[in-house]
Amino acid sequence: MTQSLTVSPSRGLRGEITVPGDKSISHRSIMLGSLAEGTTCVHGFLEGEDNLSTLKAFQAMGVNITRRSDGVLEIEGRGLHGLREPADVLDCGNSGTTMRLMTGLLAAQRFFSVLTGDQYLRKRPMKRVVEPLAAMGARIWGRDGAARAPLAINGAALRGIEYRSAIASAQVKSALLLAGLYAEGETTVHEPHLSRDHSERMLAFFGAEVRSFAGGVTIRPEPRLEGREVRVPGDISSAAFFLVAALITPGSELLVRNVGINPTRSGILDILRSMGGDLQLLDERTLSGEPVADVLVRASALRGVEIGGDLVPRAIDEFPVISVAAALAEGTTLIRDAQELRVKETDRIAAMVGELGSLGARVEALEDGMRIEGVAGLQGARVRSHGDHRIAMSMAVAALRAAAPVTIEDTACTATSFPNFWQLLEQVRA
Ligand code: S3P
């Protein structure tokens, strides 16, 4: 799994692409489809490794999930109380969303379960979900005092709490909302900035009683969830690589179709526009409660900007590729309030500073972000993905503007979120 790939400089990206389904929404469609009564059909489900980890975990808990010949996923819901004890450890692979959301859900089941993951996931912090769940009455054990996976969970009767999260994290919020489906009384989560709200939207779409208010969300227990037709929009976090690629490569004009533009996720569009990027939204529409558009992007001269505050959670997965745009912009870009990047699939601040530095960019690490001085072009080098899909794809984007080919080591990880990334890149370079 250490396949390396070489990307050569480009003279412009042209054409039309459709990016694969949204990773966050795909996870949630399996979870809620499994807990609903009746059948859920998921159109545009992302068949990336992260989502397949979630799918297999629910199959292991007795849920019938099949892929129809037309690609639609059919989930035979078992109802809120229909999951069965898995006979073996559930492997979440590289997927933090699978592990954290399922910890919340499993804490409320009347059975025992164990969650593990790959070498990267087993290093990531789990206390952020374990602690508030314990306050609801959950019984969870794990390494480092239940701060790291593997986690062992003895399902228990939970009580609703009012929780003030110190971090803006959709995974923390969603873990508590899923636990709250089973708790006695209401569960309320407050967050310092609004994190992605796909759980709230999809819970409401399936019939749960969720109430969002400024600064938080409340869920009432024991709803009757009903199977639905879910149409998953394209993942803006995947589109982001192509948006930046087209912006930084002179001569580019690219149409990216079917991109989810949920305001809690569209920070990348605001950031790239404030940098001077030419991005147009076409044919705005709504799919299963989520806003969607086609995005037309043209190569643009970019300038440095300051990024912080509530823009950070709205673009949290895009900072690796934003740092590539900044490395080639005129002037200085300052990214602050982004300390969460230190605990993603890898430490994304350290990884991008190191790898972009090898390409000749001028990047400095800050405790909570990066300072980037733009340069006119990058140089060829051998770089590493750190086992992180978004670092690998960001390096491929940077390579388009290098003076010589860039070899990226360990690229198999791109399959976690974007299995056909390399084919699409080939297609638009042609
Ligand atoms: C996700 C939430 C975010 C994001 C991750 C997916 C989700 O994580 O980085 O890729 O689907 O809820 P945090 O909640 O840790 O910020």
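Predicted, not measured: the structure shown is a model, and the values here were computed from it.

Criteria and thresholds
- Residues numbered from 1 in each chain as written.
- Predicted model: local features only at pLDDT ≥ 70, side-chain atom pairs only at ≥ 80, totals over all residues.
- Heavy atoms only, no water.
- Domains from an automatic or database assignment.
- Buried area = accessible area lost by both parts, 1.4 Å probe.
- Salt bridge = Lys/Arg side-chain N within 4 Å of Asp/Glu carboxyl O.
- Polar contact = N/O pair within 3.5 Å; in protein donor to acceptor, adjacent residues only side chain to side chain.
- Helix = DSSP H or I, 4+ residues; strand = E, 2+ residues; numbered from the N terminus.
- Nonpolar A, V, L, I, M, F, W, Y, C, P; charged D, E, K, R; others polar.
- Buried < 20%, exposed > 50% of the residue type's maximum accessible area, 1.4 Å probe, protein only.
- Contact = heavy atoms within 4.5 Å.
- Pairing = 2+ DSSP bridges.
- Axes fitted to C-alpha atoms, helices over the stretch in contact; angles between N-to-C directions.

Draft legend 1. Representation of the domain arrangement of the protein chain. Taken as a whole, the protein chain is organised into domain 1 (4-21 + 233-428) and domain 2 (23-231). Relative to domain 2, the C-alpha centre of domain 1 lies at a distance of 28 Å. Three residues, S288, E345 and T416, lead the burial of domain 1 against domain 2; their summed loss comes to 22% of the area buried on that side. At the boundary of domain 1 with domain 2, the tally comes to three salt bridges. Linking domain 1 with domain 2 are 15 residue pairs in polar contact (both at pLDDT 80 or more), by the criterion used here. Sorting the residues of the side of domain 1 that touches domain 2 by element identifies β17 (290-298) and α12 (389-399) as the ones contributing at least two each. Looking at the side of domain 1 that touches domain 2 residue by residue, the class counts come to ten nonpolar, eleven polar and ten charged.

Draft legend 2. Focus on helix α11 (residues 348-358). All of the buried residues along α11 are R348, I349, A351, M352, V353, E355 and L356. Close packing links the buried residues of α11 with α10 (319-327), β20 (362-366), β21 (369-373), β22 (382-384) and α12. For α11, the N-terminal capping position is held by D347, with its side-chain oxygen 3.1 Å away from the main-chain nitrogen of I349. In the segment just after α11, G360 is the residue with positive phi, at about 90 degrees.

Draft legend 3. Quick look at the sheet that holds strand β2 (residues 14-18). Strand order in the open sheet made by the four strands is β2-β15-β17-β16, with mixed pairing throughout. Two strands close off the open sheet at either side, each with one partner strand: β2 and β16 (278-287). In this sheet, neighbouring strand axes are inclined to one another by 15 degrees on average, regardless of whether the strands run parallel or antiparallel. For strand β15 (residues 253-260) and β17, the ladder comprises six bridges, and the chain directions are antiparallel.

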